[in-house]
Amino acid sequence: MMSDPIQLKDEGNKHFQAGDIDKAIECYTNALKECTDKKVQAVIYRNRSACYLKKESYSNAVSDASKAIDEDASDIKALYRRCQALEKLGKLDMAFKDVQRCATLEPKNKTFLETLRRLGAEIQAKLKTTFSTDSRVQNMFDILLDEEMDKEKKEKAANNLIVLSREDAGAERIFQNNGVTLLLNMIETGKPEMIVAAVRTLSGMCTGHKAQAMAIVNMVGVDKICSIMALDNEEIALATCNLFQCINDSLTGGDTRDYGKEASLVLDASKDLKTILLALLEMIANKKVSGHGRDQALNLLTKNVPCKDKKERDHSRTLFTIDHGLKKILKVCGQVPELPDQLPLTENTQLIASVLLNKLYDDLKCDPERANFKEICDEYIKSKIDPNNMDKTLHAINTISGLLQGPFEVGNSLVGQQGVMEMMVALCGSERDVDQMVAVEALIHASTKMSRASFFITNGVSLLKDIYKKTKNERIKIRALVGLCKLGSAGGDDYGLRQFAEGSTEKLAKQCRKWLCNPQIDSKTRKWAIEGLAYLTNDADVKDDFVEDELAMKAMFELAKSRDKTVLYAVACTLVNCTNSYDKKEIIPELVQLAKFSKQHVPEQHPKDKKDFIEKRVKRLLKAGVISALAVMVKADSAILTDQTKEMLARVFLALTEDPKDRGTIVAHGGGKALIPLALEGTDKGKVKASYALAKIAAVSNPEIAFPGERVYEVIRPLVSLLHTDKEGAENYEALRGLTNLAGFSEKLRIKLVKEKALPEIENHMFEENEKIRLAATECMCNLVTCKEVQARYLEDGNDKLKLLVLLCGEDDEKLQTAAAGGLAMITAAEKKLCSKMTRVTVQWLEILQRLCLHTNPSIQHRGLVIVYNMLSSDDFELAKKLIESEMLEILTVIGKAEDNPKRQDPIDVARTCLVKAMDLGLIKPFTSPS
């Protein structure tokens, strides 16, 4: 290893010239370790400062340039580099001083004078903005806190304040103009619209700014924020939940600002985060908290406590939550709204609590941790079961129901304990409706796994049938029916494993549809009818009957759009069943024969699960308005919309996009927009399915209509993810078609495509053996070559990009030739150097070019002749001469002398232009045109 600092410095300079910035930094850093000469050190610091500028590490660039300036105050390069870095950091006045010194040292340097002028103008503009922003902020608060001011002006001022808080400069001005106190005054008015505006403004101020977020937390107080979220107003609870999320994101790494040395002194957020976590856990079981506030507290815990990635090792937040809050979450699960003195809940609260329990349990890393979780649950249930107090026992059974909907393993072990099942059976026979209802629901949740269902088939069916026949209460009747539906569908879609006699499932389904369509029954009870259909639609006869019943479908879609989000999973299940978009096991004929021979059960496909039946069902669902329901379901801002539910919705979307003719309908009802979040978040499988559906839509739709506004840029990443070689060929193909359409739409989209690292993947697919994929990749590249970044890649040495494009022009497939020749024509027009490079990459270039120019297809011929014209115009005289001395002159002459022909006019015109160009270059003498 080199130890001479001068040598290391020179080595660093070479790496810098070659564009290898990381290597250059390494050499300069090693040189500084060895160097003792102050003057040489200053040069090295100055050089390393240039590297940091390139790397956009502006604080380091300022630091190194300052060290060089400390040694030599008139080091003009170091001064200018520091000026550039300071400008990027937004410290315009300091940057101005540096460039002022540069201009004093070199008064005639145009760059310095231009920078001096520009920075001076920017500082003036900033001062002007600051003063005007200050007065605007004050004006807005004056309007908002003026009792006499009319409502319309107040609303406008509130919206302006929110918008201002989302800009860095605006947020800073609000903060420095006593804004937090004024926002608290707005909250104290008690008017919902004022509270929402104040909370949203605080959210804007906390977003991406750790120091400001910490200051606001301490000025407003966590308890105060919790008390706002506890109000019985859905909009306020949601806005406050968003404020907590913005604070959490800023305190846990959502802030990209560079605070320099003071960061470690000021910004230790662990205490604030712990305070917030304890406050949220306190809210969960607090009677003073509204149902909406409780929902949002549970949502925040679900989103922020469990590790987002299984590979994360630190799950201390989860362990802390289990120790300090598990019993509180169980208390929420056990609430029975029909009994007196219960916590305020919404229709979604208990399911959100179950989802949280599931995520906490999933986040545990070892058996002792899981055993501790089960033990806490076990103790809690035992403390509630009391034969002398039926209400307490109901609470225990309902808590088990909550666990069965969350960490099933924990709920299942509790059901199996002595006395619990007997208690459920006893409750089923109770005189009180509420007892029967809680017990039946627990029985339904307990029979989730098929092995347990077999136990219930022997014991539970008679029990449920008994309740179904005897009860006069519709709400209990419907639940008992769902229990029967669930037991009847234990065999899945296997036609040979039907639990009930022929026709029984259709009867159950008919009753479910009848209840679903009955507006007299409350929505919570009608929801159970969908639960029943979610199980029964495993049967193809039931699927067919359901899609024939348009009223039932529309009733289900209306419930899916309602505020009750507990219905999402059941609706998603029903739709997956109706579209057959679940994973199917491949049936291998040889294994079927073997199974029959050994008298094993062989899964059978129902005749109505064949392709043509599925297609008819898809058409009926689309006609009934399934897309608008799906679009609303996707927007559910709740932990109930789990990754599994998202995956099911993605599966349904993919099934619905199968026929290209239906894609216009899907776009018209907002399906394109709805797919984007499904493609970006959820299970890996779900994201792939949603991306695949997006690709199918993007391939045939106008991007402006399918993905309006900025949304179109969010479509690129999911489509690029489908290009990876581990994805299926059909997914690669549709993604390429979608990207081709987007790349042809605007330069901004082409740049976004390059930024998402799509180019290497597209180039790989241009080598693909599969003809359809290779064509799609070439067409995509053809639409990308007008982009400067793409042209730069083709100009680089040491790759076969240009060679491949030339060789593809020589293929027999006309569509492939059209795309490749189109790309080559456009790129050689944009970059003249590529014309001469083309002749170096392959010896076949002239032969391929002649074939293009002689092609019978006028559009391919036209492209070939445009390439010839580009070569003649490339300022490379030798190349032009070589072309004209070859058979190309004869080809051009024959085409150019041909009579005008509307069908082939483009090639004729270009051939004539080529001949005129050759004359201008003095390569041929003028010829007489045909008379």
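Residues numbered from 1 in each chain as written. Predicted model: local features only at pLDDT ≥ 70, side-chain atom pairs only at ≥ 80, totals over all residues. Heavy atoms only, no water.

Further remarks concern the overall build of the protein. Within the protein one finds 53 helices and zero strands. Counting only C-alpha atoms, the protein reaches 110 × 75 × 70 Å along its principal axes. For the protein, restricting intrachain contacts to residue pairs at least 6 apart in sequence, the fraction spanning at least 24 positions comes to 68%. Carbon and sulfur atoms form 51% of the exposed surface of the protein, whose accessible area is close to 44,800 Å². (Helix = DSSP H or I, 4+ residues; strand = E, 2+ residues; numbered from the N terminus. Contact = heavy atoms within 4.5 Å. Areas by Shrake-Rupley, 256 points an atom, 1.4 Å probe, with all protein chains shown as cover.)

Here the focus is a positive patch on the surface. Taken together, K303, K308, R317 and K359 make up a surface patch of like positive charges. Locating K308 in the fold gives a position in the loop between α17 (291-304) and α18 (316-334). (Patch = residues over 30% accessible without salt bridge, like charges linked within 9 Å, V, L, I, M, F, W, Y side chains within 5 Å. Salt bridge = Lys/Arg side-chain N within 4 Å of Asp/Glu carboxyl O. Lys, Arg positive; Asp, Glu negative; His and termini not counted. Charge placed at Lys NZ, Arg CZ, Asp CG, Glu CD.)

Think of a pair of aromatic rings as described by two things: how far the centres are apart, and how the planes are tilted against each other in angle. Per the stated rule, a full pass over the model turns up two aromatic pairs. Both rings, one in Y80 and one in F112, keep their centres 5.2 Å apart while their planes meet at 50°; by these two values the pair is tilted. In this pair, Y80 sits in helix α5 (residues 76-88) while F112 sits in helix α7 (residues 110-144), placing the two residues 32 residues apart along the sequence. Take Y80 and F112: they sit in the same class, and that class is buried. A cation sits over an aromatic face here: K616 above F613, 5.6 Å from the ring centre. (Phe/Tyr/Trp six-rings, centres within 6.5 Å; stacked < 30°, edge-to-face > 60°. Buried < 20%, exposed > 50% of the residue type's maximum accessible area, 1.4 Å probe, protein only. Lys NZ or Arg CZ within 6 Å of the ring centre and 35° of its normal.)

Attention shifts here to helix α42 (residues 747-755). Residues separated by three or four positions in an α-helix point in the same direction, a consequence of the helix having 3.6 residues per turn. What α42 keeps buried is the set L749, R750, L753 and V754. The buried side chains of α42 occupy one side of the element, clustering within an arc of 145° when seen end-on. Exposed residues pointing more than 90 degrees away from the buried face of α42 are listed as K748 and K755. Of the surrounding secondary structure, the elements contacted by the buried residues of α42 are α40 (711-721), α41 (729-743), α43 (759-765), α44 (771-784) and α45 (788-795). (Arc of directions from axis to C-beta.)

A word on the pattern of salt bridges. By the definition in use, this model includes 46 salt bridges. The residue E188 makes a salt bridge to K224 at a minimum N-O spacing of 2.7 Å. Of the two residues, E188 sits in helix α10 (residues 179-188) while K224 sits in helix α13 (residues 222-229), which places them 36 residues apart along the sequence. With relative accessibility at 53%, the residue E188 sits in the exposed group. K224 gets classed as partly exposed once you look at its relative accessible area, which sits at 26%. Among the ionic pairs, D363 bridges to K365, the shortest N-O distance being 4.0 Å. With relative accessibility at 6%, the residue D363 sits in the buried group.

Positioned with a positive phi, E56 is a non-glycine residue whose angle comes to about 65°. The residue E56 is located in the loop between α3 (38-54) and α4 (58-71) in this model.

To continue, consider the environment of I322. Turning to its location among the elements, I322 is positioned in helix α18. Separated by 54 residues in sequence, I322 and I376 have C-alpha atoms that sit 8.8 Å apart. Once residues lying within four places of it in the same chain are set aside, the contact partners of I322 are L364, N372, F373 and I376.

This paragraph deals with the packing of helix α30 (residues 550-560) against helix α33 (residues 611-624). Across the interface, α30 lies against α33 with an axial gap of 10 Å and an inter-helix angle of 60°. The orientation of α30 relative to α33 falls into the category oblique. Like other packed secondary-structure pairs, α30 and α33 cross with a definite hand, here right-handed. Across the interface between the two elements, E550, M553, K554 and F557 of α30 pack against R620, L621, K623 and A624 of α33. Grouping the amino acids of the contact of α30 with α33 by side-chain chemistry returns four nonpolar, no polar and four charged. (Axes fitted to C-alpha atoms, helices over the stretch in contact; angles between N-to-C directions. Parallel < 35°, antiparallel > 145°, perpendicular 65-115°, else oblique. Left-handed = near helix turned anticlockwise from the far one by under 90°. Nonpolar A, V, L, I, M, F, W, Y, C, P; charged D, E, K, R; others polar.)

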